[in-house]
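# Understanding the architecture of this molecule
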Amino acid sequence: MQHAPSLLDILAHIPLFVWGILAAIVAMGVRMSRPMTMAPKRVVVVPLIWLAFGIWGVNSTSGLFSVAGLAWAVGIATGITVIRGIGWPGQVSFDAATDRFHVGGSWFPLVVMLSIFVMKAYVGITLAVHPDVAHQIGFIVATSAAFGLLSGCFLGRSINILSARPRGVAAVAV
């Protein structure tokens, strides 16, 4: 009978670069906790990275045109809808003279990014310990929807920030 791996066994097998990714996420989250000034292009960079990461993840495991892809898309739409509804990040203004957005700081981006990191670790560890789970529809749908929801949060944030630009002010090509 095979024993379940201990937490130390699991941690010992995590590649070193993963800890670097975690450090980068924490650094980005701490930076986003303070008010910042952002160019329009920068407003869309983080959500596009998470979107690309999500597309890659869903496509590499189940395919975009699958139940997992549908769950992921529904998660994104839900995340966007919720964030648009609550108005996060809230304190946003636009300076037409500099073509910059002034965005209030928030710890929420760190929470969302850490949630994505933890979800990715959970999925990786679960599949390593129980590879049969990869074929269970409940696991596939739940994890795909969760990843979509979290990515949708960043997309909704970007839409909220970009919508702070007054009508009639020309948008810079993103």
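Overview of the structure. (Residues numbered from 1 in each chain as written. Predicted model: local features only at pLDDT ≥ 70, side-chain atom pairs only at ≥ 80, totals over all residues. Heavy atoms only, no water.)

Pairing in this open sheet of three strands is antiparallel, and the strands run β1-β3-β2 from one edge to the other. Only two strands of the sheet have a single partner each, and these edge strands are β1 (36–38) and β2 (92–95). Geometrically, the sheet is characterised by an average inter-axis angle of 25° between neighbouring strands, direction not taken into account. By the bridge criterion, three bridges tie β1 to strand β3 (residues 100–103) in an arrangement that is antiparallel. Among the inter-strand pairings, T37 is bridged to a residue of β3, identified as H102. (Pairing = 2+ DSSP bridges. Helix = DSSP H or I, 4+ residues; strand = E, 2+ residues; numbered from the N terminus. Axes fitted to C-alpha atoms, helices over the stretch in contact; angles between N-to-C directions.)

Turning next to the packing of helix α2 (residues 16–32) against helix α5 (residues 108–129). With their axes 8 Å apart at the nearest point, α2 and α5 run at an angle of 165° to one another. Our classification of the angle between α2 and α5 gives roughly antiparallel. Note on packing geometry: the crossing formed by α2 with α5 is right-handed. Where α2 abuts α5, its residues V18, I21, L22, I25, V26, M28, G29 and M32 lie against P109, L110, M113, L114 and F117. (Parallel < 35°, antiparallel > 145°, perpendicular 65-115°, else oblique. Left-handed = near helix turned anticlockwise from the far one by under 90°. Contact = heavy atoms within 4.5 Å.)

So, on to α2. For the α-helix, the turn length of 3.6 residues means that residues three or four positions removed from each other point alike. Along its 17 residues, α2 runs 25 Å from first to last C-alpha, staying within 8% of the 24 Å computed at 1.5 Å per residue. Along α2, the residues classified as buried are V18, I25, G29 and M32. Buried residues of α2, viewed axially, fall in a sector of 65°; they line one side. Structural note: α2 exposes L16 and F17 on the side pointing more than 90 degrees away from its buried face. The inward-facing, buried residues of α2 contact β1, α3 (40–61), α5 and α6 (137–162). (Expected span 1.5 Å × (residues − 1). Buried < 20%, exposed > 50% of the residue type's maximum accessible area, 1.4 Å probe, protein only. Arc of directions from axis to C-beta.)

Now for the packing of aromatic side chains. With the rule as written, the count across this model stands at seven aromatic pairs. Judged by centre distance (6.4 Å) and plane angle (10°), the ring pair of W50 and F154 falls under stacked. Within this pair, whereas W50 is found in helix α3, its partner F154 is found in helix α6, the two being separated by 104 residues in sequence. You'll find W50 and F154 in the same group, each marked buried. Their ring planes at 85° and their centres at 4.7 Å tell us that W88 and F108 sit as a pair that is edge-to-face. Remark: F108 occurs in helix α5 and W88 occurs in the loop between α4 (67–86) and β2; sequence separation between them is 20 residues. Aromatic rings pair up to connect W50, F53, W56, W88, F108 and F154 into one cluster. Here the basic side chain of R157 rests over the ring of W88, its NZ or CZ set 5.4 Å away from the ring centre. (Phe/Tyr/Trp six-rings, centres within 6.5 Å; stacked < 30°, edge-to-face > 60°. Lys NZ or Arg CZ within 6 Å of the ring centre and 35° of its normal.)

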